[in-house]
Amino acid sequence: MTFNVIGIDLPDEQNFWKIMRANMGKPPVLSTDENMNHVYKNAYENRNMMATYSTYAFSKADIVVIDINLDVKKRYVGNPYDYIFTYENFKSAIKTVADNISENTLVVIESTVPPGTTQKVIYPIFLESFRNRGLDINKLYLSYSYERVMPGPSYLSSIINFYRVYSGINKESKLKAKAFFESFINTKDYPLFELHSTTAAEMAKVLENSYRAMNIAFIQEWTEYAEKAHVNLFEVIEAIRVRPTHKNIMLPGFGVGGYCLTKDPLLANWSYQNLYNCDGTLKMSIDAVAVNDLMPDYTYSLLKQEVGVLKDKFITILGISYLGDVADTRHTPTDLFYDRCMREGAIVKLHDPLVGFWQERGLKVETDIKSLGDSRHDIAVFATRHKQYLTMSADDILSILPGVKVILDANNIINDDVAEKLSSNGIKMIGVGKGHWNSLRRNDG
């Protein structure tokens, strides 16, 4: 089925360029998935897609898909119990939709929200608006279905070829949502999961991300243990993963970033306390966020342990994005590590093949890897698993980072063979989860 699609965003400087790009047949989000360029171009040529900031477009819609950020702000890094959450902007956006849609419109909420939001917050807004406008609330079809988009080269495929969880406020809403998803998702290979209520569907989102956050936090303490025991934890975990019951155990890394894992357990906790008036907290989930937020500090401690004073040292960080082959710097673990280095007086150079400007920091980032050959490098930190870094040989690294004395692999980017060759060239090698590299450092003297 082909839809005529209208994208709607806010009328401000942050979004005008996105609207313009979409109207030129170009994706507003930089992606390594070439299919995104193709589908936007096709939609532009077929004249079945446009973008605007006009809320009038809602009145013409048969289906409205709402995907609005619902942020949580932590007052202090490492203390996720102290956070700020509000529905204010979200409720305003929902009211705009409610005040403009017609009867018999299907509304699909895709935003990650505190469980209970559709029933307790969103539906009452539509109910009040429909009453004020003299519309029949029974002709509103409201459903919830969260995204499971995988950023990177499989961006589009992850929308079409992956499982969807959904529900609705009543039987008719569920049926219409099901028909909509079946129109573009490969449900033959990836059947839909219908849950009994929108609250259950909302809980599925924050639970699956809380589980993943806890899995990552669990591995962090074993990463620190492996360093002391001079053990290659990656090798250990691969040996464990052969068990079907343990195949999803996480690997050591630099830290957790992006929009989901850093805040979803907090949305669940807010719902637990405020929408369902439960005592206490979702302690294990919140503690996992605390561990994950401070993971870059462990990488920093490894560097300090080996180098000592960082003042006036030239440090090159390779990777600003929070995830490999993705141009997304939201809550990137590089942020905390960068802050630690700058506070100690280091001179930091930034490189990322996909990020030319670090928006949250207001900093320009070098994207040309070859240009690094003209700079001084005392220390190099490989932070993000971009394909460009993963394919670099020892000779490539020596050429791109001339004179480098210490290399820290924070995300399993450099393999043992490359590390040994670099070590033989007098470079001190440090690796998160790679306690066995301690022997390389001893050999370097």
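That block above? That's the structure.
This report concerns the structure included in the present document. It should be emphasised that the depicted structure is a prediction, and the values quoted were computed from it without experimental measurement.

The next thing to look at is helix H3 (residues 88–98). Of the positions making up H3, those classed as buried are Phe90, Ile94, Val97 and Ala98. All buried residues of H3 project into a common sector of 100 degrees when viewed along the axis, lining one side. Facing away from the buried side of H3 by more than 90 degrees, the exposed set consists of Glu88 and Asn89.

Turning next to the sheet that holds strand S15 (residues 406–409). Taken together, the five strands give an open sheet; going across it, the order is S11-S10-S14-S15-S16, and neighbouring strands pair in parallel fashion. Of all the strands in the sheet, the pair left with one neighbour each is strand S11 (347–351) and strand S16 (428–431). The mean inter-strand angle of the sheet, taken between neighbouring strand axes irrespective of direction, is 15 degrees. Sheet analysis places strand S14 (residues 379–382) next to S15, joined by four bridges and oriented parallel. Following the sheet pairing, Val381 is matched in S15 by Leu408. Each of strand S10 (314–318), S14, S15 and S16 is contacted by helix H11 (residues 295–307), which is oriented at about 155 degrees to S16, the strand it contacts most.

We now examine the pairing of S16. For a regular strand, side-chain orientation follows a simple rule: the groups alternate between the two sheet faces. Bridge count between S15 and S16: four bridges; the pairing is parallel. Bridging from a neighbouring strand, Ile407 pairs with Met429 of S16.

This brings us to unusual backbone geometry. Even without being glycine, Arg47 reaches a positive phi, approximately 55 degrees. Take Arg47: it is sitting in the loop between helix H2 (34–46) and strand S2 (49–52).

Rules and cut-offs
- Residues numbered from 1 in each chain as written.
- Predicted model: local features only at pLDDT ≥ 70, side-chain atom pairs only at ≥ 80, totals over all residues.
- Heavy atoms only, no water.
- Buried < 20%, exposed > 50% of the residue type's maximum accessible area, 1.4 Å probe, protein only.
- Helix = DSSP H or I, 4+ residues; strand = E, 2+ residues; numbered from the N terminus.
- Arc of directions from axis to C-beta.
- Pairing = 2+ DSSP bridges.
- Axes fitted to C-alpha atoms, helices over the stretch in contact; angles between N-to-C directions.
- Contact = heavy atoms within 4.5 Å.

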